[in-house]
Amino acid sequence: MKIIDFETIRNLSISPADCVKWVETALRMKYDSCLPHKISMTIEPDVFFNTMPSYLPSCGRFGVKVVSRFPKREPALVSDILLYDATNGDFLALMDGSWITAMRTGAVAALSIQYLRTSSAREYAFMGLGNTARATLLCLMAVLEGPLNIRLLSYKGQELEFTKRFKEYSRLNFSIFENVEDLITGADVVVSCVTVAHGQFASDTCFKPGVLVVPVHTRGFQNCDLFFDQVFADDVAHVEGFKYFNQFKQFDEFARILLKQNPGRTSDQERILAYNIGIALHDIYFASQVYDKVKDSLPDISSDKLSEKFWV
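Residues numbered from 1 in each chain as written. Predicted model: local features only at pLDDT ≥ 70, side-chain atom pairs only at ≥ 80, totals over all residues. Heavy atoms only, no water.

### Considering helix H4 (residues 131-143)
Owing to its 3.6 residues per turn, the α-helix brings residues three or four apart onto one side.
Okay, so step 1: With 13 residues, H4 extends 19 Å from end C-alpha to end C-alpha; this agrees with the ideal 18 Å at 1.5 Å per step.
Okay, so step 2: Of all the positions in H4, only Thr132, Ala133, Ala135, Thr136, Leu137, Leu138, Cys139, Leu140 and Met141 are classed as buried. (Helix = DSSP H or I, 4+ residues; strand = E, 2+ residues; numbered from the N terminus. Expected span 1.5 Å × (residues − 1). Buried < 20%, exposed > 50% of the residue type's maximum accessible area, 1.4 Å probe, protein only.)

What follows is the structure, encoded as structure tokens:
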């Protein structure tokens, strides 16, 4: 068994392009995999503990991600991944899930944008400018060519740190907006990584025809559920409990677009929502790829595991 820590994973220098390729590969095998519903325990209003299992027959691996959020901890959101060999049940690795969670989330958002944006999309609005937004933009640059106009919502100086992070990329043109409605009005793509929202972010009239909204953390866009033309999600179980799920005009899982079972966007006038809540399929596929990259360079951690049946 290997222990794979955060620094080991980060030092692999896995490219954003590879991250997008990995999430697409994993989604293409979604219906051949086993993906039980995650078990979520809310301990306090802002404290949770989730268990997310998945089995990938195509990889011969299964595993589980355990993620928790404790606001008083630094960082507040922490995850660990257990990876197993599906042929014999051997415990392959215990690895940190922080980098994997951030990058697979950003890669899924970028993949959705790649497939669902309009053909003339130029204006990309970002709100909630933490690691998830950074990962999304890194992955977006890996799949889209040419200059990108990036709109940022001003909030506690986050926009300054964000532009500083990407100052070396000359094809990014940044503009700062002081309120959400101005940010969204005129945007072709809206990416929200805001974790807390009290009410709707913007009125219906702010969302132009053809807009794609990617609410990574889902909050603040319930009004869009009622009038957007199409809604896609990574897994139906994640959205079927939404208040207006039965009032979606048209719904499907995003994986069906990749499998050519759904055409996705059918016109540049359609308003589309892409709810990607996060599925363990991606975490375990990423973990499997990471394990294969480092397994020969890390020592085995010995353990006195059982080798025969025991009796009490």
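### Thoughts on the environment of Glu161
Okay, so step 1: Looking at the secondary structure, you find Glu161 in helix H5 (residues 158-165).
Okay, so step 2: For the pair Glu161 and Asp188, spaced 27 residues apart in sequence, the C-alpha separation works out to 24 Å.

### Quick word on a nonpolar patch on the surface
Okay, so step 1: Where nonpolar side chains cluster on the molecular surface, the patch consists of Ile39, Met41, Ile43, Phe49 and Phe70 and spans about 460 Å² of accessible area.
Okay, so step 2: Per element, the largest residue contribution to the nonpolar patch is 3 residues, and it comes from strand S2 (residues 39-44).
Okay, so step 3: Taking the relative accessible area as the measure of exposure, Phe49 reaches 31% and is therefore partly exposed. (Patch = residues over 30% accessible without salt bridge, like charges linked within 9 Å, V, L, I, M, F, W, Y side chains within 5 Å. Areas by Shrake-Rupley, 256 points an atom, 1.4 Å probe, with all protein chains shown as cover. Salt bridge = Lys/Arg side-chain N within 4 Å of Asp/Glu carboxyl O.)

### Comments concerning the pairing of strand S12 (residues 230-233)
Along a regular strand, successive side chains alternate from one face of the sheet to the other.
Okay, so step 1: Residues Gln230 and Phe232 line one face of S12 and the alternating positions Val231 and Ala233 line the opposite face, and both faces are buried.
Okay, so step 2: Bridging between S12 and strand S13 (residues 251-253) involves 3 bridges; their strand directions are parallel. Residue pairing across strands places Phe232 opposite Asp252, the latter belonging to S13. (Pairing = 2+ DSSP bridges.)

### Things to note about the pattern of salt bridges
Okay, so step 1: What the rule picks out here adds up to 13 salt bridges.
Okay, so step 2: A salt bridge links Asp188 to Lys208, with the shortest nitrogen-to-oxygen separation between them at 2.9 Å. With Asp188 in the loop between helix H6 (180-184) and strand S10 (189-192) and Lys208 in the loop between S10 and strand S11 (212-215), this residue pair connects regions lying 20 residues apart in the sequence.
Okay, so step 3: Between Asp292 and Lys295 there is a salt bridge, and its shortest N-O distance comes to 3.7 Å.
Okay, so step 4: Look at Asp292 and you get partly exposed, because its relative accessible area is 33%.
Okay, so step 5: Ionic contacts of the salt-bridge type, sharing partners, join the residues Lys30, Asp235 and Glu253 into one network.

### Some words on the side chain of Asp188
Okay, so step 1: A relative accessible area of 10% places Asp188 in the buried class.
Okay, so step 2: A polar atom in the side chain of Asp188 sits 2.9 Å from the backbone nitrogen of Arg122.
Okay, so step 3: Those residues in contact with Asp188 that sit more than four places away from it in its chain are Ser120, Ala121, Arg122, Glu123, Lys208, Gly210, Val211 and Leu212. (Polar contact = N/O pair within 3.5 Å; in protein donor to acceptor, adjacent residues only side chain to side chain. Contact = heavy atoms within 4.5 Å.)

### Let's talk about the nonpolar core
Okay, so step 1: With 67 residues, the main nonpolar core has Ile4, Met95, Tyr124, Phe126 and Leu137 as its most contacted residues.
Okay, so step 2: Ignoring sequence-local partners within four residues, the contact set of Leu137 consists of Phe126, Ile150, Phe162, Phe166, Leu172 and Phe174.
Okay, so step 3: Counting 27 residues, the second-largest nonpolar core is a separate cluster that includes Leu183, Ile184, Ala233 and Tyr275. (Core = buried A, V, L, I, M, F, W, Y, C linked by side-chain atoms within 4.5 Å.)

### Considering the sheet that holds strand S6 (residues 91-96)
Okay, so step 1: With respect to topology, 6 strands assemble into an open sheet ordered S1-S6-S5-S4-S3-S2, the strand pairing being mixed. Looking at the sheet topology across the chains shown, the edges are occupied by strand S1 (2-4) and S2. Averaged over all neighbouring strand pairs, the angle between strand axes comes to 15 degrees, with direction disregarded.
Okay, so step 2: Both strand S3 (residues 47-56) and strand S4 (residues 61-69) contribute to a ladder of 9 bridges, which runs antiparallel. Within S4, the residue paired with Asn50 across the bridge is Val67.
Okay, so step 3: The sheet contacts of helix H3 (residues 98-116) involve S3, S4, strand S5 (77-85) and S6, and relative to S6 the element is tilted by about 75 degrees.
Okay, so step 4: Across the sheet, helix H10 (residues 280-294) touches S1, S3, S4, S5 and S6, and the angle it forms with S3 is around 70 degrees. (Axes fitted to C-alpha atoms, helices over the stretch in contact; angles between N-to-C directions.)

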